[in-house]
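Each chain, written out:
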Amino acid sequence: INVQRYSSEISTLRRIELRASLGLPETDFIFFHLGPLEIESGALDSVFAFKNLLQSNPSFHGKARLCFCGTGSAGADIRQSVVEMDLDDHVYFLNPNGEGLKEIPGNQFSSIISVCDAVIHGPIAPVNGNALKFLDSTYDVMCALSSDIIIISNGNNWIGEWVGRFYKTFSSGSIHSLARLMQETIEKQDKVTN
């Protein structure tokens, strides 16, 4: 293993390079919603929670961003909601299969996660012991942990329960709970990271 490849210095340089190529200011706090653009993945909840965060904290305008990277059947609805809520300047959609981002090869979530400050992990709660839809985000969560990225989770499924032992959790399906945790993550970033 080339340990230098995972050094904090190289990670910092890579982060600055990727943010610049995506047009994301280095000073902004960026939340990354983990999962496909599906209603079940909580993607729309993240948009509403983010809107709630900006309404409750006007000082975060122009300083906080929400990023999605993926596709899904609800992608058009989620994009439309972003436009209707006037969040165009604060919410980014990155296509992992797009040709426009030569800095991010293919479906490399590890590169995209390194750009962000916090990952929103919202796996679907099982019903009667049966998952509604299987979303294995273990790899993505491990990428975030290896890049020293904060993870906030709804605590569902085994990975959410495991993450909940080390980080704070929000109430699944509650945009107010998620918005409160987003605010706390920004305001107490050093403490949460520690």
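Read on for a plain summary of the structure. Quantities reported herein were computed from a predicted structural model and do not represent experimental measurements. (Residues numbered from 1 in each chain as written. Predicted model: local features only at pLDDT ≥ 70, side-chain atom pairs only at ≥ 80, totals over all residues. Heavy atoms only, no water.)

### Looking at the pattern of salt bridges
Consideration 1: If you walk through the whole model with that rule in mind, you get 5 salt bridges.
Consideration 2: With a shortest N-O distance of 3.2 Å, Arg 15 and Glu 26 are connected by a salt bridge. With Arg 15 in helix α1 (residues 8-22) and Glu 26 in the loop between α1 and β1 (29-34), this pair connects stretches of sequence that are 11 residues apart.
Consideration 3: Among the salt bridges present, the one from Arg 19 reaches Asp 117, with a minimum N-O distance of 2.9 Å. Placement of the pair is Arg 19 in helix α1 and Asp 117 in the loop between α4 (109-115) and β4 (118-121), with a sequence separation of 98 residues. Accessibility classification places Arg 19 together with Asp 117 in one group, the buried group.
Consideration 4: Members of the salt-bridge network, linked through shared partners, are Arg 15, Arg 19, Glu 26 and Asp 117. (Salt bridge = Lys/Arg side-chain N within 4 Å of Asp/Glu carboxyl O. Helix = DSSP H or I, 4+ residues; strand = E, 2+ residues; numbered from the N terminus. Buried < 20%, exposed > 50% of the residue type's maximum accessible area, 1.4 Å probe, protein only.)

### So, the nonpolar core
Consideration 1: If you look at the biggest cluster of nonpolar residues, it comprises 52 residues, and the most contacted ones within it are Phe 31, Phe 32, Phe 50 and Met 182.
Consideration 2: Examining the composition of this core, we find that 7 residues originate from one element, helix α2 (residues 43-56), more than from any other.
Consideration 3: When neighbours within four sequence positions are excluded, Phe 31 is seen to be in contact with Phe 50, Leu 53, Arg 65, Leu 66, Cys 67, Ala 118, Ile 120, Ile 152, Met 182, Thr 185 and Ile 186. (Core = buried A, V, L, I, M, F, W, Y, C linked by side-chain atoms within 4.5 Å. Contact = heavy atoms within 4.5 Å.)

### Observations regarding the environment of Ile 159
Consideration 1: With respect to the helices, strands and loops of the structure, Ile 159 is situated in helix α6 (residues 157-166).
Consideration 2: On the basis of relative accessible area, Ile 159 is assigned to the buried category, the value being 4%.
Consideration 3: C-alpha of Ile 159 to C-alpha of Val 141: the two residues are 18 residues apart in sequence and 8.3 Å apart in space.

### Considerations on helix α7 (residues 175-187)
Consideration 1: With 13 residues, α7 extends 18 Å between its outermost C-alpha atoms, agreeing within 8% with the 18 Å of an ideal straight helix rising 1.5 Å per residue.
Consideration 2: Buried within α7 are the following residues: Ser 177, Leu 178, Ala 179, Leu 181, Met 182, Thr 185 and Ile 186. (Expected span 1.5 Å × (residues − 1).)

### Here we look at helix α5 (residues 138-146)
Consideration 1: Along α5, the residues that are buried comprise Thr 138, Asp 140, Val 141, Cys 143 and Ala 144.
Consideration 2: One or two steps after α5, the chain reaches Asp 148, where phi turns positive at roughly 60°.

### What to know about the side chain of Thr 185
Consideration 1: Structurally, the position occupied by Thr 185 is in helix α7.
Consideration 2: For Thr 185, the side chain forms a polar contact with the main-chain oxygen of Leu 181, separated by 2.6 Å.
Consideration 3: Those residues in contact with Thr 185 that sit more than four places away from it in its chain are Phe 29, Phe 31, Ala 118, Ile 150 and Ile 152. (Polar contact = N/O pair within 3.5 Å; in protein donor to acceptor, adjacent residues only side chain to side chain.)

### Re unusual backbone geometry
Glycine aside, residues mostly have negative phi, and peptide bonds are mostly found in the trans state.
Consideration 1: Even without glycine at this site, Asp 86 takes up a positive phi of about 60°.
Consideration 2: With respect to the helices, strands and loops of the structure, Asp 86 is situated in the loop between α3 (75-84) and β3 (91-94).

### Quick notes on the sheet that holds β3
Consideration 1: If you walk across this open sheet you meet the 5 strands as β3-β2-β1-β4-β5, and the pairing is parallel. With partners counted over all chains shown, the strands left at the sheet margins are β3 and β5 (150-153), one partner each. On average, each strand axis in the sheet is tilted by 25° relative to the strand beside it, whichever way the strands run.
Consideration 2: Sheet analysis places β1 next to strand β2 (residues 64-69), joined by 5 bridges and oriented parallel. Bridging from a neighbouring strand, Phe 29 pairs with Ala 64 of β2.
Consideration 3: Sitting on the sheet, α5 is in contact with β1, β4 and β5, with an inclination near 140° to β5. (Pairing = 2+ DSSP bridges. Axes fitted to C-alpha atoms, helices over the stretch in contact; angles between N-to-C directions.)

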